[in-house]
Every structure is written in C-alpha cells, then in structure tokens.
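Here are the chains, one letter per residue:
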Amino acid sequence: MDIRPARPEDAPMIVNVAREAWHAAHADLLPADEIDRTLDQWYDADDVREQTRGSDPFYVAADANEVVGFAHGGADDEGRATLHRIYARKVFWGTGLGSRLLAAVAADLAEAGHGDLRAAVLAGNEVGRAFYDARGFEEVERRTARFGEASAEEVVVTAPLRTLFEGERESTSTRSA
C-alpha cells in the first residue's frame with residue numbers, strides 16, 4: 001500500500017471512499033438522507049479535484065491504482081493546522097493505514113511551521129474517537145454541528161504534530177530494516 005500525494009484523477013475514488021466511510025461511521029448518528037446530502041455538498045468530484053491541485057497536504061493510500069483511503073489538512077481561518085478529513089474504506093479500519101495517512105499530513109504541516117493539529121469528530125463516532133484517542137489527541141471543545149435538518153455533537157481534539165509522525169517514521173524504518 002502506497003501513501004502518496006493525491007492527484008486530480010483520484011477525485012472520483014476519494015468521493016467513493018468518503019461515501020462508504022461516512023455511511024459506516026455515521027449511520028447511527030445521522031439520517032442516511034442527511035449523510036448523502038452532506039456528502040454531495042462536501043465531496044463534489046470537481047471540488048475534490050481542485051483541492052488535490054492545491055498547496056494543502058492531501059494524501060491518498062493507494063493499492064495499485066485504487067484509492068482506499070485519504071487525508072487532507074491545512075490551516076483553518078485562524079491559521080491553525082487542521083485535519084480537514086481522514087477516511088478509509090471500512091475493510092482497512094484498524095490496519096494502521098489511517099496512522100500512515102495522518103503521519104504524512106502531520107509531517108507536512110510541521111514542516112510548514114505548525115505545532116499542533118486540530119481535528120473534529122462527531123462525539124458518537126466511536127471508531128473516529130478511538131482513532132484520535134489512540135494517537136494522543138485531547139478534547140479541547142464541544143459544539144453542535146448541523147447537517148441540513150439534523151444536528152450532532154462534535155468534539156474538537158488537538159495533538160502535537162511531531163508526535164503524529166515521528167513514531168510512524170520509526171516504525172517504517174524498522175519495517176524496512
């Protein structure tokens with residue numbers, strides 16, 4: 001499995017991964033029609049294609065030519081490093097793929113001079129919460145997120161960037177040895 005920068009031609013596969021992962025992670029939290037409407041707004045293939053051309057870190061996990069996961073980060077409106085999104089096909093949950101994607105984005109953001117990384121996850125998303133907890137993220141805020149007519153509690157978490165890629169670098173070099 002390769003972790004590499006996202007390319008414009010990856011956009012349709014990124015959209016498919018997002019659709020699968022959102023339904024799997026949020027089915028008990030939001031109505032399916034609101035998930036679909038949110039995905040249609042947030043994951044328009046043309047918009048994703050443009051985002052892959054941008055300067056923000058955007059990585060995919062690709063098995064041959066098939067994208068099976070992705071992570072996208074950058075600075076928010078206040079200049080804070082933010083993980084905009086990270087998702088993988090459900091079959092890859094718990095395999096370390098998310099850690100590798102997170103490490104790639106974190107390394108780029110640290111290189112750009114950021115110290116901490118923020119992310120938001122729905123409070124009831126047990127898989128997402130466990131992912132962030134296992135990587136040392138700490139809760140800093142709770143807020144209500146709106147999804148059309150539905151709403152859900154969202155948790156904002158933060159972690160030092162260096163802790164998110166140094167261990168991954170060490171484990172990668174250990175596996176290569």
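Up top is the structure.
All values derive from a computational prediction rather than experimental measurement. (Residues numbered from 1 in each chain as written. Predicted model: local features only at pLDDT ≥ 70, side-chain atom pairs only at ≥ 80, totals over all residues. Heavy atoms only, no water.)

Engineer: Please clarify how the nonpolar core should be interpreted in this entry.
Structural biologist: Generally speaking, a soluble globular protein has its nonpolar side chains buried in company with each other. Grouped together as the largest cluster of nonpolar side chains are 30 residues, with contacts concentrated most on Leu83, Leu117, Tyr132 and Phe137. When contributions to this core are tallied by element, the ones reaching two or more residues are β2 (58-63), β3 (66-75), β4 (81-88), α4 (97-111), β5 (116-122), α5 (126-134), β7 (150-160) and α6 (161-176). Ranked by residue count, the leading element in this core is α4, at 10 residues. Apart from residues no more than four positions distant in its own chain, Leu117 is found in contact with Ala81, Thr82, Leu83, Leu102, Leu109, Phe137, Val157, Thr158, Ala159, Leu161 and Leu164. Formed by 23 residues, the second largest nonpolar core is a distinct cluster that contains Leu39, Tyr43, Val48 and Ala145. (Core = buried A, V, L, I, M, F, W, Y, C linked by side-chain atoms within 4.5 Å. Buried < 20%, exposed > 50% of the residue type's maximum accessible area, 1.4 Å probe, protein only. Helix = DSSP H or I, 4+ residues; strand = E, 2+ residues; numbered from the N terminus. Contact = heavy atoms within 4.5 Å.)

Engineer: Would you mind going over the pattern of salt bridges with me for this structure?
Structural biologist: Think of it this way: side chains of opposite charge can pair up when their charged atoms draw near. Scanning all chains against the criterion turns up 17 salt bridges. We note a salt bridge from Glu139 to Arg142, for which the minimum N-O separation is 2.7 Å. Residue Arg143 is joined to Glu141 by a salt bridge in which the shortest nitrogen-to-oxygen separation is 3.9 Å. Put simply, Arg118, Glu141, Arg143 and Glu154 are held in one network by salt bridges that share partners. (Salt bridge = Lys/Arg side-chain N within 4 Å of Asp/Glu carboxyl O.)

Engineer: Honestly, the side chain of Asp76 in this entry has me stumped. Any pointers?
Structural biologist: Here Asp76 shows up in the loop between β3 and β4. Here Glu78 takes part through its backbone nitrogen, which lies 2.8 Å from a polar atom of the side chain of Asp76. Setting aside residues up to four positions removed in sequence, Asp76 forms contacts with Thr82 and Arg118. (Polar contact = N/O pair within 3.5 Å; in protein donor to acceptor, adjacent residues only side chain to side chain.)

Engineer: Just checking my understanding: could you explain the pairing of strand β6 (residues 138-147) for this structure?
Structural biologist: Taken residue by residue, a regular strand's side chains alternate between the two faces of the sheet. Pairing analysis gives nine bridges linking β6 to β7, with the strands arranged antiparallel. Paired with Glu141 across the bridge in β7 is Val156. What sits between β6 and β7 in their antiparallel hairpin is a turn of two residues, with Gly148 showing a positive phi close to 65°. (Pairing = 2+ DSSP bridges.)

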